[in-house]
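# Breakdown of the fold
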Amino acid sequence: MTDLTVPGGVRTVLETLWSNGHAAYVVGGAVRDSLLGRTVNDWDVATSARPEEIAQVFPAGRYENRFGTVTVPVDGLDVQTTTFRRDHLYRDHRRPDDVTFTDSLEEDLARRDFTVNAIAWGREASAQTAHFVDPTNGTADLQARLVRAVGDPATRFDEDALRLLRAARFAAQLDFDIEPRTLEAMRGSAETVRWVSQERIGAELRRMIAADPPSAAFVVLAQTGLLEHALPELAAQRGIAQDKIPGHDLWMHSLTALDAAAAIDPGNQMLRLTALLHDIGKPTTYANGHFVGHDTEGAKLAEALLARLAFPRREIELITALIGQHMFNYESRWSGAAVRRFVRRVGRDRVDDLLKLRAADNVGSGLAPNAGKLDELRRRIDDELRSNPPLSLSDLALRGDDLVTELNIKPGPVVGRLLERLMSLVIADPNQNRRDILLAHATDWLARETKAP
Ligand code: ATP
Ligand code: MG
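Counting of residues starts from 1 at the beginning of each chain's written sequence and follows it residue by residue. Key to labels: chains lettered from A, ligands numbered from 1, both in the order written. Since the coordinates come from a predicted model, pLDDT governs what is reported: local features require at least 70, and pairs of side-chain atoms require 80 or more to be given and counted, while whole-chain, interface and lining totals use all residues.

### Observations regarding the overall build of the protein chain
The helix and strand inventory of the protein chain stands at 23 helices and eleven strands. Radius of gyration (C-alpha) of the protein chain: 29 Å, far over the 22 Å computed for a compact globule of 453 residues. Dimensions of the protein chain, computed from C-alpha atoms along their principal axes, come out at roughly 95 × 55 × 40 Å. Scored against the burial criterion, the 453 residues of the protein chain give a buried share of 40%. By the convention adopted here, residues are in contact when the distance between their C-beta atoms, placed from the backbone, does not exceed 7 Å. A sequence separation of at least 24 residues applies to 62% of the contacts in the protein chain between residues at least 6 apart. Going along the chain from the N terminus, every DSSP run of H or I of four or more residues is numbered as a helix, and every run of E of two or more is numbered as a strand. Here the globule rule reads 2.2 Å times residues to the power 0.38, and the radius of gyration is calculated from C-alpha atoms. To sort residues by burial, count the other C-beta atoms lying within 10 Å of each one's C-beta; a count of 20 or more means buried, 12 or fewer means exposed, and anything in between means partly exposed. C-beta atoms are built from the backbone.

Right under this line is the structure:
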């Protein structure tokens, strides 16, 4: 094995550096993923050229940070080009206090986290052909499907606690095992994960969720003790009894629901995350074998957790809304109006996710995905929505402004109350959604309200 297929733009970057007298290699995830036949996300090039020399040969390059990375845009690709470096002294278990540039590729590879991330492909300027450089035997670990720390695992995790989460994430993403000594060191260093910023934990969580099966990373987190330090709200689910699948505690229920969510709608990352978090309110609401109010409590806890991990507002809103509504209880005797009220409460664009969440929850409870007449509910929702009934204030045949002018009232809480009542009315009977009819009702209600003692 001597060749790596690289896109034209990356080739250009390498050739340019070589012809200017610099050593240059493709490194890191790109080499790893190419050798595994996986899609490469980003191409990193390591070079002996100093940042100012990189900038010199690539006038379009953007010099981005003090670690000497220049982003070179070529052929629609952003190639991160970084000077070979050595790290020094990680006093905060997170970032090196200092980095030194070096001319040695081997030194650069030695500071990398895992052997499968420490393979390079390229050449010195003076060499004839590009080749692989693999001083830590990463290729063998790729073959054996192992995540193994470069050097002494305990030291490497102690230097940078983010590597603990990366190990769990890579194991899940690549479907690899963690080499036993590396795993042992993860256990030993687990509590240092508190040095990792919440935002980075959030970013890793996002990637863990995306793996298939998504439970894989969480099994590692739980097994190494990382879970209780990185995501304590999830760790609290361990050991909470459930009477669903024999032998399954609440944590196993959540992981089973998570994997089921991935099977039900593979591309839906938010559904995965919601499934993982949907019962997060159970540990604190448990009393006498019941979890009263765990949906509302869970929505609150998920909100706090996701905000802490710096998830975007829009995602937090979706997830907490789904968790808050996940205990609905459909029955065949629901009227058409009841089905429409349900859709309104959940939100038309969220109802599909809520039913998928229930299907995942069902699987996590040892039931058929459609238990609880879920398919019947889905069919009835489709039937109701086909005629496009009014479901939100913006669908009303009358606006707040109309009420203000026509009824000669002041804008304020009264208007909101009237609109809500009109909304209930048209949800119960969509035929009432006509401007004249609604106005008549509003006039009537207002008259009664003002007459009342
Ligand atoms: P992906 O981009 O798919 O997450 P990657 O391996 O490319 O995987 P990056 O975070 O892009 O990961 O980092 C690029 C390379 O830099 C890694 O392959 C590894 O060699 C090195 N690296 C990144 N983070 C660390 C770290 N915390 N400690 C040591 N080496 C690291
Ligand atoms: Mg990368």
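What follows continues from the structure just given.
### Things to note about the packing of helix 13 (residues 250-264) against helix 14 (residues 269-277)
Structural elements are reduced to axes, namely lines fitted to C-alpha atoms, with helices fitted over the stretch in contact, and the angle between N-to-C directions of any two is expressed from 0 to 180 degrees. Viewed as axis vectors pointing N to C, helix 13 and helix 14 meet at an angle of 165°, and their least axial separation amounts to 7 Å. Classified by the interaxial angle, the pair formed by helix 13 and helix 14 is roughly antiparallel. Here the hand of the crossing between helix 13 and helix 14 comes out right-handed. Contacts from S254, A257, L258, A260, A261 and A262 in helix 13 reach L271, R272, A275 and L276 in helix 14. Here the contact of helix 13 with helix 14 is composed, by residue class, of eight nonpolar, one polar and one charged. In this scheme, roughly parallel covers angles under 35 degrees and roughly antiparallel covers those over 145, while 65 to 115 is roughly perpendicular and the rest are oblique. Here a crossing is taken to be left-handed if its near helix is turned anticlockwise relative to the far helix by less than a right angle, and right-handed if that turn runs clockwise. Under the scheme applied here, ten amino acids are nonpolar (Ala, Val, Leu, Ile, Met, Phe, Trp, Tyr, Cys and Pro), four are charged (Asp, Glu, Lys and Arg), and all others, including Gly, are polar.

### A closer look at the sheet that holds strand 9 (residues 131-133)
One requirement defines pairing of two strands: DSSP has to find at least two bridges between them. Taken in spatial order, the seven strands line up as 3-4-5-2-1-8-9 in an open sheet, and their pairing is mixed. At either end of the open sheet lies a strand with only one pairing partner, and these are strand 3 (62-63) and strand 9. In the sheet, strand 2 (residues 44-47) pairs with strand 5 (residues 77-83) via four bridges, with the strands oriented parallel. Its bridge partner being in strand 5, A46 is matched across the sheet by T82. Helix 1 (residues 8-19) rests against strand 1 (24-27), strand 2, strand 4 (69-74), strand 5 and strand 8 (120-123) of the sheet, and its axis sits at about 35° to strand 5. Sitting on the sheet, helix 2 (residues 29-36) is in contact with strand 1, strand 2 and strand 8, with an inclination near 60° to strand 1.

### Some words on the site of ligand 1
For ligand 1, the full set of nearby residues is G28, G29, N41, D42, D44, R112, D113, N117, A118, D160, L162 and R163. Looking at the shell around ligand 1 residue by residue, the class counts come to two nonpolar, four polar and six charged. The start and end points of each domain follow an automatic or database-based domain assignment. Shared between two domains, the shell around ligand 1 holds at least three residues of each, these being domain 1 (8-144) and domain 2 (153-325). Should the C-beta atom of a residue, placed from the backbone, lie within 6 Å of a molecule or strand, that residue is near it.

### A closer look at the domain arrangement of the protein chain
Interface extent is often summarised as the accessible area lost during association of the parts. For the protein chain, the assigned domains are domain 1 (8-144), domain 2 (153-325) and domain 3 (393-451). Computed over C-alpha atoms only, the centres of domain 2 and domain 3 are separated by 46 Å.

### A short note on unusual backbone geometry
Cis geometry marks the peptide bond from D212 to P213; its omega dihedral reads -5°. With a phi close to 50°, N288 is a non-glycine residue in the positive phi region. With 5 C-beta atoms counted inside 10 Å, the residue N288 sits in the exposed group. Of note in this structure, N388 is not a glycine but carries a positive phi near 55°. Mapping N388 onto the fold places it in the loop between helix 20 (374-386) and helix 21 (400-407). For N388, a count of 9 C-beta atoms within 10 Å puts it in the exposed group.

### Re helix 9 (residues 198-210)
For helix 9, which comprises 13 residues, the first-to-last C-alpha distance of 19 Å matches the rise-based estimate of 18 Å (1.5 Å per residue) to within 8%. When we look at burial in helix 9, the residues that qualify are I201, E204, L205, M208 and I209. Summarising the axial view, the buried residues of helix 9 lie within an arc of 140°, below the 170-degree limit, and thus occupy one face. Here the buried face of helix 9 lies against helix 7 (162-174), helix 10 (215-224), helix 11 (226-230) and helix 14. Take the number of residues in a helix, subtract one, and multiply by 1.5 Å to get its expected span. Relevant arc is that of directions from the helix axis to the C-beta atoms, nothing else.

### Considerations on the environment of D92
When you line up the elements, D92 lands in the loop between strand 6 (85-88) and strand 7 (98-101). The spatial distance from the C-alpha of D92 to the C-alpha of W195 is 7.2 Å, given a sequence separation of 103 residues.

### Some words on the packing of helix 7 against helix 9
Following both chains from N to C, one finds helix 7 and helix 9 inclined at 10°, their axes separated by 9 Å at the closest point. Comparing their axes, helix 9 and helix 7 come out roughly parallel. Of helix 9, the residues touching helix 7 (which contributes L162, L165, A168, R169, A172 and Q173) are R200, I201, E204, R207 and M208.

### A short note on the environment of V147
Relative to the helices and strands, V147 is located in strand 10 (residues 146-147). In the structure, V147 is positioned 33 residues away from P180 in sequence and 9.4 Å away in space, judged by C-alpha atoms.

### A word on the nonpolar core
By definition, a nonpolar core groups buried Ala, Val, Leu, Ile, Met, Phe, Trp, Tyr and Cys residues that connect through C-beta atoms lying within 7 Å of each other. Ranked by internal contacts, the top residues of the largest apolar core, which has 105 residues, are V26, V45, A120, A168, A171 and A217. Not counting residues up to four positions away in its chain, the partners in contact with A120 are Y25, V26, V27, V31, A46, L105, L109 and V133. Counting residues in hydrophobic clusters, the runner-up holds eight residues, among them L403, L418, V426 and A442.

### So, the pairing of strand 4
Of the strand pairs in this sheet, strand 3 and strand 4 are connected by two bridges, and their pairing is antiparallel. By the bridge assignment for strand 4, R62 is matched with T71. Two successive antiparallel strands, strand 4 and strand 5, enclose a turn made up of two residues, where D75 displays a positive phi of approximately 50°.

### Digging into the environment of N268
Residue placement: N268 occurs in the loop between helix 13 and helix 14. Its 17 C-beta neighbours within 10 Å are what place N268 among the partly exposed residues. The sequence separation of N268 and T47 amounts to 221 residues, and the corresponding C-alpha distance is 39 Å.

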